[in-house]
Amino acid sequence: MKKNIIEIKNLIKTYEQAGEQILVLDGVNFSASQGEFISVVGPSGCGKSTFLNIIGLLDCYYGGEFNIFQTDASKLSEEEKAHLRLTKIGFVFQFDSLLPEFTAIENVELPAMMAGRPSRKAAADLFSAFSMEKLADKNPREISGGEKQRIALLRAMRNSPSLILADEPTGNLDHNNAVKVLSDLKKACGLGTCVITVTHNLSLARDFSDRIFELKEEKLFEIK
Ligand SMILES: Nc1ncnc2c1ncn2[C@@H]1O[C@H](COP(=O)(O)OP(=O)(O)OP(=O)(O)O)[C@@H](O)[C@H]1O
Ligand SMILES: [Mg+2]
C-alpha cells in the first residue's frame, strides 16, 4: 500500500491585517500519499499559496493537526524543518528562480551540495532522464522560460524528495510548455514522489491529476 505522507485535520489559518484577523483556511482536511499527483485550484487570494506554504513547513502559525512524513509538524524544531525542506521536499515556483551566475547543471547541483552529497554525474543523469542534456551547460540567460522551468523542476528533484510542491509552475508558460512541465512532474510521481501543484488551469489539472481540490470560501473540496 502507498504510504500516506501528509495528513491534515481541521486546519485553521488566519492572518492579521491592519489589526484585524482574516480567516483564510477554516477547518481544512486533506491527505496525500506517495506517487499521487494532486492539484489545488481556486480564485486568486483564496489561500492556495498559504496552504502550500504550511505543507512546505514554511509557515507554522496555524491551528489544527498537521502530520508530514508520519511526524507531527508542530513538534519539529526549526533545524529539523530546514533539513526536511532540503532533503525531502522540492519546491517549484511560478517565476524563474534559477541563479543567473551558474549554469543549468550547477543550479541543479545546488541542493545536493547544500545537503553535503554533491555528484555531477547524478545531476547529469537527471538531465538525461528528462532528455535535457543539451541544456546542462547553458547559462539561464541562454534558455527559454519553459526550459528554465523544467530545469527548476530538476533542481527540485535533485535530492530525490518524497514531496514536490509547485506553486503555479505553469502560470507563466504557454500551453505546450505547460504540458511539458506537467509531464515532467507526472514522471516524478512515477518514481514515487507525491506532487502537489497549485494552478489556475483546471483543464490541464484534469489531464494530469489523480485528485483535484478546490479552495472556496475558506474550505477545501475534493472535485476529482
Ligand atoms: N503574509 C500575509 N499577511 C497577511 N495577509 C496575507 C499574507 N499572505 C497572504 N495574505 C492574504 O491571505 C489571502 C490568501 O493569500 P494567498 O497568497 O494564499 O492566495 P492565493 O490563493 O495563493 O492567490 P493567488 O492565486 O493570487 O496566488 C489573501 O487575502 C492574502 O491577501
Ligand atoms: Mg498564490
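Residues numbered from 1 in each chain as written. Chains lettered and ligands numbered in written order. Predicted model: local features only at pLDDT ≥ 70, side-chain atom pairs only at ≥ 80, totals over all residues. Heavy atoms only, no water.

Novice: For this particular structure, what's the right way to read the pairing of strand 4 (residues 63-68)?
Specialist: Working note: regular strand, side chains alternate between the two faces of the sheet. Inspection of the sheet shows strand 1 (residues 4-17) paired to strand 4 by 5 bridges, in the antiparallel sense. For Ile 8, the partnering residue across the bridge sits in strand 4 and is Phe 66. The hairpin formed by strand 4 and strand 5 (residues 71-72) contains 2 residues between the paired strands, and Phe 69 there has a positive phi angle of roughly 50°. (Pairing = 2+ DSSP bridges. Helix = DSSP H or I, 4+ residues; strand = E, 2+ residues; numbered from the N terminus.)

Novice: What exactly am I supposed to notice about the site of ligand 1 here?
Specialist: Every one of the 13 residues lining ligand 1 counts as a neighbour, but Gln 17, Ser 44, Gly 45, Lys 48 and Thr 50 are closest to it. At 2.8 Å, a side-chain N or O of Gln 17 approaches a nitrogen atom of ligand 1. A distance of 2.7 Å is found between an oxygen atom of ligand 1 and a backbone nitrogen or oxygen belonging to Gly 45. Relative to its unbound accessible area of 640 Å², ligand 1 is 62% covered by the protein chains. Secondary-structure elements contributing two or more residues to the shell around ligand 1 are strand 1 and helix 1 (48-55). No other element matches helix 1, which puts 3 residues into the shell around ligand 1. Considered class by class, the residues forming the shell around ligand 1 number 4 nonpolar, 7 polar and 2 charged. (Near = heavy atom within 4 Å. Polar contact = N/O pair within 3.5 Å; in protein donor to acceptor, adjacent residues only side chain to side chain. Areas by Shrake-Rupley, 256 points an atom, 1.4 Å probe, with all protein chains shown as cover. Nonpolar A, V, L, I, M, F, W, Y, C, P; charged D, E, K, R; others polar.)

Geometric descriptors of this kind do not, in isolation, establish any biological role.
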